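Commentary on secondary and tertiary structure
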Amino acid sequence: MPTPAKGPRLGGSAAHERLMLANLATALFEHKRITTTEHRAKRLQPVAEKLITLAKRGDLHARRKVMTTVRRKDIVAELFEQTAPKFAERNGGYTRITKVAPRKGDNAPMAVIELVLEPVSPKQATVREAEKATARAATAAPTAEAPAEEQVAETTAEAVEAEAPGEQGAATEAVEAEATVEAQQADAEKAAEAADAEATEAEAGQAKGPVDPRK
C-alpha cells in the first residue's frame, strides 16, 4: 500500500475516504480521464496504479482484489481485458496528472488525472531493448566461458595425444634398431667361429699328411 499522504483526510472518516477513492478510480477507468482537485488527484494516483498492476497480472486472485475497490463488474472486465494489455510495455507510470486553472467560486487548485495510453516512444523502446540485451549478455557470459575452457582443455588433450604417438614411434624404432645391431653382431660372431673351425680342421688335415689310397 502507498504511504498515507500527510494532511487532512478526504471525507469525514477513513471509510468515507476509501469510498471516495473507489468512486474516483471507477470514474477514471470508465472515462480514462477526470478533472478533480489537485489533492484528490495525488491521493488517487497510487491507488489507480496499484489496481492497474493487479489487472496486468490477470489472474483470479488479482480480479478479486480489484473488485474490493471497483465494485462495477463491467468496469473491472474492461480494465482487465482492454486497458491492462495497453500497459504491457510499461513498468509503471500508468497515470498522468496535469494542473489546470483553479475552480471558480472557491479558487481550489484543480488537476486532470488521466491514463497514459500512448504507445512507448521509440527512444524508450530502444533503451529497454538495450537493457534487456545487457541482462541477456550478463546471464549468458558464464555459459559462454565454460565452453571456451572446455575447448581449451580438449585442444590440450588432442595436442598431448598427437605428440604421444610420435614419441612412442620413436622409442619403438630405437628398440628395433638396437635389436638389429645385436642380431648382426651375433651373426658376425657365428661366422667368425665357423671360419675358425674350418681353419682348425684344415691345419689338422695338413699335419696328418696325404692319405694312401691303397689302404
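Before reading further, recall that the structure is shown in the block above.
The structure displayed is predicted, hence computed values, not measured ones.

Re the overall build of the protein
Along its length, the protein carries 5 helices and 3 strands. Going from the N terminus to the C terminus, the protein shows its helices and strands as α-β-α-α-α-β-β-α. For the protein, with 215 residues in total, the buried portion stands at 21%.

Focus on the packing of aromatic side chains
Overall, the coordinates contain 1 aromatic pair when judged by the stated rule. Aromatic pair F87 and Y94: ring centres 5.1 Å apart, planes at 65°, arrangement edge-to-face. Of the residues examined, F87 reaches a relative accessible area of 0% and is grouped as buried. Given a relative accessible area of 4%, Y94 falls into the buried group. When the ring centre of F80 is taken as reference, the NZ or CZ atom of R63 above it lies at 4.4 Å.

Details of the pattern of salt bridges
Close approach of charged atoms allows side chains with opposite charge to pair. Counted according to the given criterion, the structure contains 11 salt bridges. For R57, the salt bridge is made with D59, and the minimal N-O distance between the two is 3.2 Å. The class of R57 is partly exposed, set by a relative accessible area of 48%. Here E114 ties to R96 by a salt bridge, and the two come within 3.0 Å at their closest N and O atoms. One end of the pair, E114, is in strand β3 (residues 110-115); the other, R96, is in strand β2 (residues 95-100), and 18 residues separate them in sequence. Overall, E114 belongs to the buried group, its relative accessible area being 14%.

Here we look at the sheet that holds β2
Pairing within the open sheet is antiparallel, and its 3 strands lie in the order β1-β3-β2. Both outer strands of the open sheet, β1 (33-37) and β2, are each paired with one neighbouring strand and no more. Adjacent strand axes in the sheet meet at a mean angle of 25°, parallel and antiparallel pairs treated alike. As judged from the 6 bridges shared by β2 and β3, these two strands associate in the antiparallel manner. When the sheet's bridge partners are listed, V100 is paired in β3 with M110.

Section: the nonpolar core
One finds L28, F29, L44, L51, I52, V66 and V70 to be the most contacted residues of the largest nonpolar core, which totals 29 residues. Listed by contribution, the elements that provide at least two residues to this core are α1 (14-31), α2 (38-57), α3 (60-67), α4 (73-83) and β3. In terms of residue count, α2 provides more of this core than any other element does, 8 residues in total. Leaving out residues up to four positions away in the same chain, V66 has contacts with L51, L54, V76, L79 and F80.

Reading the values: rules and limits
Residues numbered from 1 in each chain as written. Predicted model: local features only at pLDDT ≥ 70, side-chain atom pairs only at ≥ 80, totals over all residues. Heavy atoms only, no water. Helix = DSSP H or I, 4+ residues; strand = E, 2+ residues; numbered from the N terminus. Buried < 20%, exposed > 50% of the residue type's maximum accessible area, 1.4 Å probe, protein only. Phe/Tyr/Trp six-rings, centres within 6.5 Å; stacked < 30°, edge-to-face > 60°. Lys NZ or Arg CZ within 6 Å of the ring centre and 35° of its normal. Salt bridge = Lys/Arg side-chain N within 4 Å of Asp/Glu carboxyl O. Pairing = 2+ DSSP bridges. Axes fitted to C-alpha atoms, helices over the stretch in contact; angles between N-to-C directions. Core = buried A, V, L, I, M, F, W, Y, C linked by side-chain atoms within 4.5 Å. Contact = heavy atoms within 4.5 Å.

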